[in-house]
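Listed here are the chains, written in short residue letters.
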Amino acid sequence: KEALEAIYSSDALLLVHNLKKGELDSYEIDLLNLIKKTNPSISQKLTIVLTNLESCRDEKEAIEQKVMKKIKEIFVDNKINLFSISSTSYKKGLEENKKNLENESGIPMLREHILNKLSDLEISLPKIRHERIAREENRLLIAIKGGIDIRKNNISMNNKSIIHAKDKFHKE
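A brief structural summary.

**A word on the overall build of the protein chain**
- Each helix and strand counted, the protein chain has 6 helices and 3 strands in total.
- Reading the protein chain from its N terminus to its C terminus gives the helix and strand order α-β-α-β-α-β-α-α-α.
- Relative to a compact globule of 172 residues, whose C-alpha radius of gyration would be 16 Å, the protein chain shows 26 Å and is clearly more extended.
- Expressed as a percentage of its 172 residues, the buried residues of the protein chain come to 29%.
- For the protein chain, long-range pairs separated by at least 24 residues make up 71% of all intrachain contacts whose partners lie at least 6 apart in sequence.
- In the protein chain, the 31 positive side-chain charges and the 27 negative ones have mean positions that sit 7 Å from each other.

**Things to note about the sheet that holds strand β1 (residues 13-18)**
- Reading across from one edge, β1-β2-β3 is the order of the 3 strands in this open sheet, with parallel pairing throughout. If you trace the sheet from one side to the other, it starts and ends with β1 and β3 (81-84), each paired once. Direction aside, neighbouring strands of the sheet carry axes that sit 20° apart on average.
- Bridge analysis of β1 against strand β2 (residues 46-51) gives 6 bridges, and the strand direction is parallel. Residue L13 lies in a different strand from β2, and its bridge partner there is L46.

**Side note on helix α4 (residues 87-95)**
- Taken as a whole, α4 has its buried residues at S89, Y90 and G93. Relative to the axis of α4, the buried residues are bounded by an arc of 100° and lie together on one face. In α4, the exposed positions that point more than 90 degrees away from the buried face belong to K91 and E95.
- Contacts made by the buried residues of α4 are with α5 (99-104) and α6 (107-171).

**Digging into the pairing of β1**
- Side-chain alternation along β1 places L13, L15 and H17 on a buried face and L14, V16 and N18 on a face that remains uncovered.
- Taken together, β1, helix α2 (residues 26-38) and β2 form a β-α-β motif whose crossover is right-handed.

**Some words on the layout of surface pockets**
- Roughly 390 Å³ of internal volume is contained in the largest pocket.
- The wall of the largest pocket is formed by 15 residues, among which D11, Q44, K45, L121 and I128 lie closest to the centre.
- For the lining of the largest pocket, the leading source of residues is α6, giving 9 residues.
- Approximately 310 Å³ is the volume attributed to the second largest pocket.
- Residue lining of the second largest pocket: K1, L4, E5, Y8, S9, T38, R132, R135, E136 and R139, and that is the complete set.
- Looking at the lining of the second largest pocket, the elements that each hand over two or more residues are α1 (2-9) and α6.

**Thoughts on the nonpolar core**
- Among the nonpolar cores identified, the biggest contains 21 residues, and L32, L46, I48, I71 and F75 are the most heavily contacted of them.
- Beyond its immediate sequence surroundings of up to four residues, I48 is in contact with L15, V67, I71, I80, N81, L82 and F83.
- By size, the runner-up hydrophobic cluster in this structure holds 6 residues, among which are F83, Y90, I107 and L110.

Parameters at a glance
- Residues numbered from 1 in each chain as written.
- Predicted model: local features only at pLDDT ≥ 70, side-chain atom pairs only at ≥ 80, totals over all residues.
- Heavy atoms only, no water.
- Helix = DSSP H or I, 4+ residues; strand = E, 2+ residues; numbered from the N terminus.
- Rg over C-alpha atoms; globule rule 2.2 N^0.38 Å.
- Buried < 20%, exposed > 50% of the residue type's maximum accessible area, 1.4 Å probe, protein only.
- Contact = heavy atoms within 4.5 Å.
- Lys, Arg positive; Asp, Glu negative; His and termini not counted.
- Charge placed at Lys NZ, Arg CZ, Asp CG, Glu CD.
- Pairing = 2+ DSSP bridges.
- Axes fitted to C-alpha atoms, helices over the stretch in contact; angles between N-to-C directions.
- Arc of directions from axis to C-beta.
- Right-handed = clockwise from strand over helix to strand, strands pointing away.
- 1 Å grid on protein atoms, 1.4 Å probe; cavity = no way out; pocket = protein on both sides within 12 Å on 5 of 7 lines; lining within 4 Å.
- Points joined across faces, edges and corners; volume = space filled by probe spheres on them.
- Core = buried A, V, L, I, M, F, W, Y, C linked by side-chain atoms within 4.5 Å.

Printed below as a string of C-alpha coordinates:
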(Lines give C-alpha, C1' and ligand atoms only; values in the text may rest on other atoms or scores of the structure.)
Protein backbone atom coordinates (compact mmCIF):
# COMPACT_ATOMS: atom_id res chain seq x y z
CA LYS A 1 0.00 0.00 0.00
CA GLU A 2 2.81 2.41 0.87
CA ALA A 3 4.56 1.60 -2.41
CA LEU A 4 1.40 2.38 -4.38
CA GLU A 5 0.98 5.65 -2.51
CA ALA A 6 4.59 6.55 -3.34
CA ILE A 7 4.04 5.63 -6.99
CA TYR A 8 0.84 7.66 -7.08
CA SER A 9 2.49 10.74 -5.61
CA SER A 10 5.72 10.45 -7.62
CA ASP A 11 6.69 12.98 -10.25
CA ALA A 12 8.27 10.40 -12.57
CA LEU A 13 8.37 6.61 -12.79
CA LEU A 14 11.04 4.35 -14.24
CA LEU A 15 10.21 0.71 -14.83
CA VAL A 16 13.52 -1.11 -15.15
CA HIS A 17 13.43 -4.53 -16.81
CA ASN A 18 16.31 -6.87 -17.64
CA LEU A 19 16.42 -7.64 -21.37
CA LYS A 20 17.84 -11.08 -20.56
CA LYS A 21 14.44 -12.00 -19.10
CA GLY A 22 12.71 -11.28 -22.41
CA GLU A 23 9.12 -10.11 -22.08
CA LEU A 24 7.67 -8.53 -18.97
CA ASP A 25 6.94 -11.11 -16.30
CA SER A 26 3.56 -11.58 -14.62
CA TYR A 27 4.62 -9.62 -11.52
CA GLU A 28 5.56 -6.58 -13.64
CA ILE A 29 2.33 -6.84 -15.64
CA ASP A 30 0.24 -7.15 -12.47
CA LEU A 31 2.04 -4.16 -10.96
CA LEU A 32 1.46 -2.04 -14.08
CA ASN A 33 -2.24 -3.01 -14.11
CA LEU A 34 -2.54 -2.10 -10.44
CA ILE A 35 -0.75 1.21 -11.03
CA LYS A 36 -3.08 2.02 -13.93
CA LYS A 37 -6.12 1.11 -11.84
CA THR A 38 -4.90 3.44 -9.10
CA ASN A 39 -4.17 6.30 -11.50
CA PRO A 40 -5.12 5.91 -15.19
CA SER A 41 -3.05 8.95 -16.24
CA ILE A 42 0.14 7.59 -14.67
CA SER A 43 1.48 6.59 -18.09
CA GLN A 44 2.47 10.23 -18.62
CA LYS A 45 5.06 9.76 -15.87
CA LEU A 46 6.27 6.35 -17.03
CA THR A 47 9.57 5.59 -18.75
CA ILE A 48 10.59 2.02 -19.52
CA VAL A 49 14.29 1.16 -19.18
CA LEU A 50 15.55 -2.16 -20.51
CA THR A 51 18.95 -3.11 -19.10
CA ASN A 52 21.71 -5.54 -20.17
CA LEU A 53 21.57 -4.47 -23.80
CA GLU A 54 25.09 -5.85 -24.34
CA SER A 55 23.90 -9.41 -23.78
CA CYS A 56 20.84 -9.21 -26.04
CA ARG A 57 21.67 -6.96 -28.99
CA ASP A 58 20.40 -9.54 -31.51
CA GLU A 59 17.01 -9.88 -29.78
CA LYS A 60 16.75 -6.23 -28.73
CA GLU A 61 14.16 -5.11 -31.27
CA ALA A 62 11.96 -8.18 -30.82
CA ILE A 63 12.00 -7.82 -27.02
CA GLU A 64 11.36 -4.06 -27.23
CA GLN A 65 8.37 -4.67 -29.49
CA LYS A 66 6.92 -7.29 -27.15
CA VAL A 67 7.42 -5.06 -24.11
CA MET A 68 5.88 -2.03 -25.82
CA LYS A 69 2.98 -4.12 -27.11
CA LYS A 70 2.19 -5.22 -23.56
CA ILE A 71 2.63 -1.67 -22.21
CA LYS A 72 0.26 -0.32 -24.88
CA GLU A 73 -2.29 -3.05 -24.05
CA ILE A 74 -2.23 -1.90 -20.45
CA PHE A 75 -2.07 1.88 -20.92
CA VAL A 76 -3.35 2.38 -24.49
CA ASP A 77 -0.83 5.21 -24.77
CA ASN A 78 1.74 5.83 -27.49
CA LYS A 79 3.64 8.43 -25.48
CA ILE A 80 5.49 6.02 -23.20
CA ASN A 81 9.23 6.19 -23.75
CA LEU A 82 11.42 3.10 -23.87
CA PHE A 83 15.20 3.02 -23.60
CA SER A 84 17.49 0.02 -23.93
CA ILE A 85 20.77 0.60 -22.15
CA SER A 86 24.11 -1.07 -21.55
CA SER A 87 26.02 0.02 -18.49
CA THR A 88 28.95 -2.14 -19.63
CA SER A 89 29.26 -0.30 -22.94
CA TYR A 90 28.83 3.04 -21.24
CA LYS A 91 31.51 2.30 -18.66
CA LYS A 92 33.91 0.98 -21.32
CA GLY A 93 33.24 4.05 -23.49
CA LEU A 94 34.06 6.34 -20.58
CA GLU A 95 37.18 4.43 -19.56
CA GLU A 96 38.55 4.18 -23.10
CA ASN A 97 37.31 7.62 -24.18
CA LYS A 98 35.19 6.10 -26.97
CA LYS A 99 32.26 8.46 -27.48
CA ASN A 100 30.65 6.15 -30.04
CA LEU A 101 30.54 3.26 -27.57
CA GLU A 102 29.30 5.59 -24.86
CA ASN A 103 26.48 6.84 -27.11
CA GLU A 104 25.53 3.35 -28.31
CA SER A 105 25.00 2.37 -24.67
CA GLY A 106 21.72 4.33 -24.69
CA ILE A 107 22.55 5.98 -21.38
CA PRO A 108 23.19 9.49 -22.79
CA MET A 109 19.75 9.41 -24.48
CA LEU A 110 18.12 8.20 -21.25
CA ARG A 111 19.91 10.93 -19.28
CA GLU A 112 18.73 13.58 -21.77
CA HIS A 113 15.16 12.25 -21.55
CA ILE A 114 15.20 12.37 -17.74
CA LEU A 115 16.69 15.88 -17.71
CA ASN A 116 14.02 17.05 -20.17
CA LYS A 117 11.31 15.51 -18.00
CA LEU A 118 12.75 17.27 -14.95
CA SER A 119 12.86 20.55 -16.84
CA ASP A 120 9.21 20.12 -17.88
CA LEU A 121 8.33 19.26 -14.29
CA GLU A 122 9.90 22.46 -12.98
CA ILE A 123 7.32 24.36 -14.99
CA SER A 124 4.30 22.18 -14.31
CA LEU A 125 5.13 20.77 -10.87
CA PRO A 126 3.46 23.46 -8.73
CA LYS A 127 0.16 22.93 -10.59
CA ILE A 128 0.50 19.12 -10.47
CA ARG A 129 1.26 19.14 -6.75
CA HIS A 130 -1.60 21.56 -6.06
CA GLU A 131 -4.00 19.23 -7.93
CA ARG A 132 -2.60 16.23 -6.05
CA ILE A 133 -3.08 17.99 -2.71
CA ALA A 134 -6.63 18.97 -3.68
CA ARG A 135 -7.43 15.33 -4.61
CA GLU A 136 -5.98 14.12 -1.30
CA GLU A 137 -7.93 16.75 0.66
CA ASN A 138 -11.11 15.67 -1.12
CA ARG A 139 -10.38 11.99 -0.40
CA LEU A 140 -9.79 12.77 3.28
CA LEU A 141 -12.94 14.90 3.54
CA ILE A 142 -15.00 12.08 2.04
CA ALA A 143 -13.45 9.60 4.50
CA ILE A 144 -14.10 11.96 7.44
CA LYS A 145 -17.68 12.57 6.31
CA GLY A 146 -18.18 8.82 6.00
CA GLY A 147 -16.83 8.34 9.52
CA ILE A 148 -19.09 11.08 10.86
CA ASP A 149 -22.12 9.55 9.13
CA ILE A 150 -21.33 6.16 10.67
CA ARG A 151 -21.00 7.75 14.12
CA LYS A 152 -24.29 9.64 13.68
CA ASN A 153 -25.99 6.43 12.62
CA ASN A 154 -24.57 4.59 15.65
CA ILE A 155 -25.72 7.40 17.98
CA SER A 156 -29.18 7.35 16.40
CA MET A 157 -29.41 3.57 16.82
CA ASN A 158 -28.22 3.86 20.44
CA ASN A 159 -30.80 6.60 21.11
CA LYS A 160 -33.54 4.40 19.65
CA SER A 161 -32.40 1.51 21.84
CA ILE A 162 -32.43 3.75 24.91
CA ILE A 163 -35.91 5.06 24.09
CA HIS A 164 -37.12 1.52 23.45
CA ALA A 165 -35.63 0.30 26.75
CA LYS A 166 -37.09 3.33 28.57
CA ASP A 167 -40.56 2.69 27.11
CA LYS A 168 -40.30 -0.99 28.01
CA PHE A 169 -39.24 -0.07 31.57
CA HIS A 170 -42.18 2.29 32.03
CA LYS A 171 -44.63 -0.34 30.74
CA GLU A 172 -43.44 -2.84 33.28
